[in-house]
Amino acid sequence: MPIKIEPTWLQALAPEFEKPYFKSLSQFLKAEKVAGKTIYPPGPLIFNAFNSTPFDQVKVVILGQDPYHNPNEAMGLSFSVPKGIRVPPSLQNIYKELASDVNLQIPNHGDLSAWAAQGVFLLNAMLSVEKNKPGSHQKIGWQDFTDAVIQTISEGRSHVVFMLWGNFAKQKKALIDPSKHLVLEAAHPSPLARGAYFGSKHFSQANAYLKANGRKEIDWALVA
């Protein structure tokens, strides 16, 4: 199966696509489709984060865990949902922190594509999930792939901001070289964290770091 992924990523990750785990992963997804199972996001959007933010343009990495498992939500960008879909609770809290941190109006939609276009790489650790079965694809090889993605960014780029929210994301810190990058950690924005995420000020810290290293800051505003 040819990998439909942006050319700079295809080149950077070429060794991964030839490894046995990735071939097994591809075969698994094909078999699930043949079996009539519904997989999210839709096939063309599985690599949406990569196609939206080329490797050589990554400035910020926001790491999620699983794609949304309900119909019409997952779009291949961590935490993001298409316009017209109810904003999920974790993203509502991200917006509250954004408003508090950089004094921006809370958007009326959940589409983060405008961030991705500016170099915010919205990566989920798992790039697929079965409908209505959260975590169903956690052990099929995606983490091997996305761990390699994080390491590839760490090794191949400089002055990238990594936002690690929640214990799952914080475990990825070991894959990142802190002498070359800024690693920001916070509680998960989920309501289950009981507000521990608020006050982390990652958005302003990211822009201060980018500016200090001669990189264009992110415009975090999301117009309707």
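Relevant structure appears above.
A brief structural summary. Note that this is a predicted model, so its numbers are computed, not measured.

1. Digging into the packing of aromatic side chains
Piece 1. Counted according to the given criterion, the structure contains 21 aromatic pairs.
Piece 2. For the ring pair W9 and F121, a centre distance of 4.8 Å and an interplane angle of 25 degrees mean the geometry is stacked. Of the two residues, W9 sits in helix α1 (residues 7–12) while F121 sits in strand β3 (residues 120–124), which places them 112 residues apart along the sequence.
Piece 3. Judged by its relative accessible area of 0%, W9 falls in the buried class.

2. Some words on helix α7 (residues 142–156)
Piece 1. When the terminal C-alpha atoms of α7 are compared, their 21 Å separation across 15 residues agrees well with the 21 Å that a helix rising 1.5 Å per residue should span.
Piece 2. Taken as a whole, α7 has its buried residues at W142, F145, T146, A148, V149, I150, T152, I153 and S154.

3. Concerning the pattern of salt bridges
Piece 1. Scanning the entire structure with this criterion turns up 6 salt bridges.
Piece 2. Note that K19 and E16 form a salt bridge whose closest N and O atoms lie 2.9 Å from each other.
Piece 3. Between E130 and K133 there is a salt bridge, with the nearest N and O atoms lying 3.6 Å from each other.
Piece 4. Residue class for E130 comes out buried when judged on its relative accessible area of 12%.

4. Points about the environment of M163
Piece 1. Among the secondary structure elements, M163 is positioned in strand β5 (residues 161–165).
Piece 2. Along the sequence, M163 and I46 sit 117 residues apart, while their C-alpha atoms lie 21 Å from each other.
Piece 3. Excluding its chain neighbours within four sequence positions, the residues that come into contact with M163 are V60, V61, I62, L63, L184, H202, F203, A206 and W220.

5. Digging into unusual backbone geometry
Piece 1. A cis amide bond links Y40 with the next residue in sequence, P41, at an omega value of -10 degrees.
Piece 2. For P41, the location among the structural elements is in the loop between β1 (39–40) and α4 (48–52).
Piece 3. At H159, a residue that is not glycine, the phi angle is positive and equals roughly 60 degrees.
Piece 4. Taking relative accessible area as the criterion, H159 reaches 30% and is therefore assigned partly exposed.
Piece 5. Even without glycine at this site, K201 takes up a positive phi of about 55 degrees.
Piece 6. Position of K201 relative to the elements: it lies in the loop between β6 (182–186) and α9 (202–212).
Piece 7. Relative accessible area serves as the criterion here: at 39%, K201 is assigned to the partly exposed category.

6. Concerning the pairing of strand β2 (residues 60–64)
Piece 1. Judged by how many residues are buried, β2 sits mostly within the fold: 5 of 5 residues are covered.
Piece 2. Where β2 and β3 come together, 5 bridges link them in parallel fashion. Each bridged residue has a counterpart across the sheet, and for L63 the counterpart in β3 is L123.
Piece 3. Relative to β5, β2 runs parallel, the two sharing 4 bridges. Bridged to V60 within β5 is V161.

7. Here we look at α9
Piece 1. Taken as a whole, α9 has its buried residues at H202, F203, A206, N207, Y209 and L210. The buried residues of α9 occupy one face: seen down the axis, they fall within an arc of 160 degrees. Away from its buried face by more than 90 degrees, α9 exposes K211 and A212.
Piece 2. Packed against the buried residues of α9 are β2, α5 (89–102), α6 (113–116), β5 and β6.
Piece 3. A positive phi of about 75 degrees marks G214, the residue just after α9.

The rules behind the values
Numbering of residues begins from 1 in every chain and follows the order in which that chain's sequence is written. Local features in a predicted model are, by the rule used here, given only for residues with pLDDT of at least 70; side-chain atom pairs are given and counted only at 80 or more, and totals for whole chains, interfaces and linings are based on all residues. With hydrogens and water stripped out, all remaining heavy atoms of the structure feed into the side-chain values. Any pair of Phe, Tyr and Trp rings, taking the six-membered ring for Trp, is counted once the centres come within 6.5 Å. Such a pair is stacked with planes under 30 degrees apart, edge-to-face with planes over 60 apart, and tilted for the rest. Each helix is a run of DSSP H or I of at least 4 residues and each strand a run of E of at least 2, with the numbering of both proceeding from the N terminus. Three exposure classes are used, based on accessible area relative to the maximum for each residue type with a 1.4 Å probe and protein chains only: buried under 20%, partly exposed in between, and exposed over 50%. Multiply 1.5 Å by the residue count of a helix minus one, and that product is the helix's expected span. Salt bridge, as used here: a side-chain nitrogen of Lys or Arg that lies within 4 Å of a carboxyl oxygen of Asp or Glu. Only heavy atoms enter the contact rule, under which two residues are in contact if any of them lie within 4.5 Å. Only when DSSP finds a minimum of two bridges between them are two strands counted as paired. Arc definition: it is the arc formed by the directions from the helix axis to the C-beta atoms.

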